[in-house]
Amino acid sequence: MEVSVLIPAAGNGERLGLGPKAFLRVGGRTLLEWALAAFPEAAEVLVALPPGQSPPQGLRAAFLEGGRTRQESVARLLEAASLPLVLVHDVARPFVSQSLVERVLRATQAQGAAAPVLPVPDTLIRSEGGAYGSVLPREALRLVQTPQGFFTALLREAHAYARKRGISATDDAQLVQALGYPVALVEGERTAFKITYPEDLVLAEALARAWNGSPQAR
């Protein structure tokens with residue numbers, strides 16, 4: 001794939017409390033190893049690690065020092081990217097199928113920016129004074145995942161605009177949208193969930209046992 005894969009992996013995993021997520025082991029692999037396995041044919045893979053962290057040996061990637069935030073880490077990775085398309089992927093989403101990557105890439109090539117999303121399955125409410133409040137319509141709401149794809153020049157412009165305006169965001173699609181550029185939505189996958197809390201590790205360990213031989217992984 002003629003694409004630069006950017007993996008911001010400089011977070012300390014504070015909510016999990018188990019150290020940097022990149023080196024957390026699930027199913028006998030680190031989360032970083034799982035993330036890299038999702039892009040075996042990428043022409044370029046760049047990873048941002050926590051400051052002072054020695055790069056692991058034997059992995060097909062170039063390593064940079066990350067920033068204080070995810071946004072800063074992606075900006076540093078973008079500076080080093082050399083190809084016209086980028087995929088930005090969270091290291092905490094270990095189970096990404098090839099079909100998901102291909103859907104995002106196709107939409108990115110066609111429209112310049114794309115993100116995978118899922119419908120919201122649960123009832124949504126407002127908490128009103130600790131009580132069950134008004135119900136929020138969920139039909140138009142979506143859960144956003146990664147990898148997200150962009151024209152490299154577009155994402156660089158979006159990050160520059162965000163720095164100038166003091167905009168902070170939790171993913172890169174928000175920055176591109178703030179620039180006024182539309183982000184196409186593609187179908188995400190339930191298995192591409194983000195490991196955030198300790199109970200997520202139980203699900204991840206169970207899925208890891210079946211993942212490599214599963215059609216879903218292809």
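Whatever comes next refers back to the structure up there.
Residues numbered from 1 in each chain as written. Predicted model: local features only at pLDDT ≥ 70, side-chain atom pairs only at ≥ 80, totals over all residues. Heavy atoms only, no water.

Visitor: Mind showing me how you'd approach a nonpolar patch on the surface here?
Guide: Taken together, Ile125, Tyr132 and Val135 make up a surface patch of nonpolar side chains, about 320 Å² in accessible area. Mapped onto the fold, Tyr132 is located in strand S9 (residues 131–136). (Patch = residues over 30% accessible without salt bridge, like charges linked within 9 Å, V, L, I, M, F, W, Y side chains within 5 Å. Areas by Shrake-Rupley, 256 points an atom, 1.4 Å probe, with all protein chains shown as cover. Salt bridge = Lys/Arg side-chain N within 4 Å of Asp/Glu carboxyl O. Helix = DSSP H or I, 4+ residues; strand = E, 2+ residues; numbered from the N terminus.)

Visitor: I tried to follow helix H2 (residues 70–80) on my own but got confused; where do I start?
Guide: Each full turn of the α-helix corresponds to 3.6 residues, which orients residues three or four apart in the same direction. Looking only at H2, the buried set comprises Gln71, Ser73, Val74, Ala75, Leu77 and Leu78. Taken together, the buried residues of H2 touch strand S1 (4–8), strand S4 (44–49), strand S5 (62–65), strand S6 (85–88), helix H4 (152–165) and helix H5 (172–178). (Buried < 20%, exposed > 50% of the residue type's maximum accessible area, 1.4 Å probe, protein only. Contact = heavy atoms within 4.5 Å.)

Visitor: I tried to follow the pattern of salt bridges on my own but got confused; where do I start?
Guide: If charged atoms from side chains of opposite charge come close, those side chains can pair. Tallied over the full model, the rule gives five salt bridges. With a closest N to O distance of 3.3 Å, Arg93 and Asp90 form a salt bridge. Since its relative accessible area comes to 9%, Arg93 is described here as buried. Glu189 is the salt-bridge partner of Arg103, the closest N and O atoms lying 3.2 Å from each other. A residue pair is termed long-range when its members are at least 10 positions apart, and Arg103 in helix H3 (residues 98–111) and Glu189 in the loop between strand S12 (184–187) and helix H6 (198–211) qualify at 86 residues. Via salt bridges that share partners, Arg70, Asp90, Arg93 and Asp172 belong to a single interconnected network.

Visitor: Got a minute to help me understand the nonpolar core in this structure?
Guide: A general tendency of soluble globular proteins is for nonpolar side chains to be buried together. Ranked by internal contacts, the top residues of the largest apolar core, which has 38 residues, are Ile7, Val26, Val47, Leu87, Val91 and Phe95. Setting aside residues up to four positions removed in sequence, Ile7 forms contacts with Ala35, Leu36, Val45, Leu46, Val47, Ala48, Leu77, His89 and Val91. One finds Leu6, Ala48, Val86 and Leu155 within the second-largest nonpolar core, a separate group that totals 20 residues. (Core = buried A, V, L, I, M, F, W, Y, C linked by side-chain atoms within 4.5 Å.)

Visitor: Got a minute to help me understand the packing of aromatic side chains in this structure?
Guide: Think of a pair of aromatic rings as described by two things: how far the centres are apart, and how the planes are tilted against each other in angle. According to the stated counting rule, one finds three aromatic pairs in the structure shown. Look at Trp34 and Phe95: their rings are 5.0 Å apart centre to centre, the planes differ by 65 degrees, and that puts the pair in the edge-to-face class. Within this pair, whereas Trp34 is found in helix H1 (residues 31–37), its partner Phe95 is found in the loop between S6 and H3, the two being separated by 61 residues in sequence. As far as burial versus exposure is concerned, Trp34 and Phe95 are alike and both buried. Ring centres of Phe95 and Trp211 lie 5.5 Å apart, and the angle between their planes is 55 degrees; on these two criteria the pair is classed as tilted. Here Trp211 lies in helix H6 and Phe95 lies in the loop between S6 and H3, a separation of 116 residues in the sequence. Judged on exposure class, the residue Phe95 and its partner Trp211 are both buried. Among the aromatic side chains, those forming a connected cluster through ring pairs are Trp34, Phe95, Phe193 and Trp211. Over the face of the ring belonging to Trp34 we find Arg29, whose NZ or CZ atom lies 4.6 Å from the ring centre. (Phe/Tyr/Trp six-rings, centres within 6.5 Å; stacked < 30°, edge-to-face > 60°. Lys NZ or Arg CZ within 6 Å of the ring centre and 35° of its normal.)

Visitor: Could you clarify how one ought to interpret the environment of Val117 in this entry?
Guide: Note that Val117 resides in strand S7 (residues 113–119). Remark: the alpha-carbon pair of Val117 and Arg76, spanning 41 residues in sequence, is separated by 26 Å. Sequence-distant contacts of Val117, defined by excluding residues within four places in its chain, comprise Arg142, Leu143, Val144, Leu185, Val186, Glu187 and Gly188.

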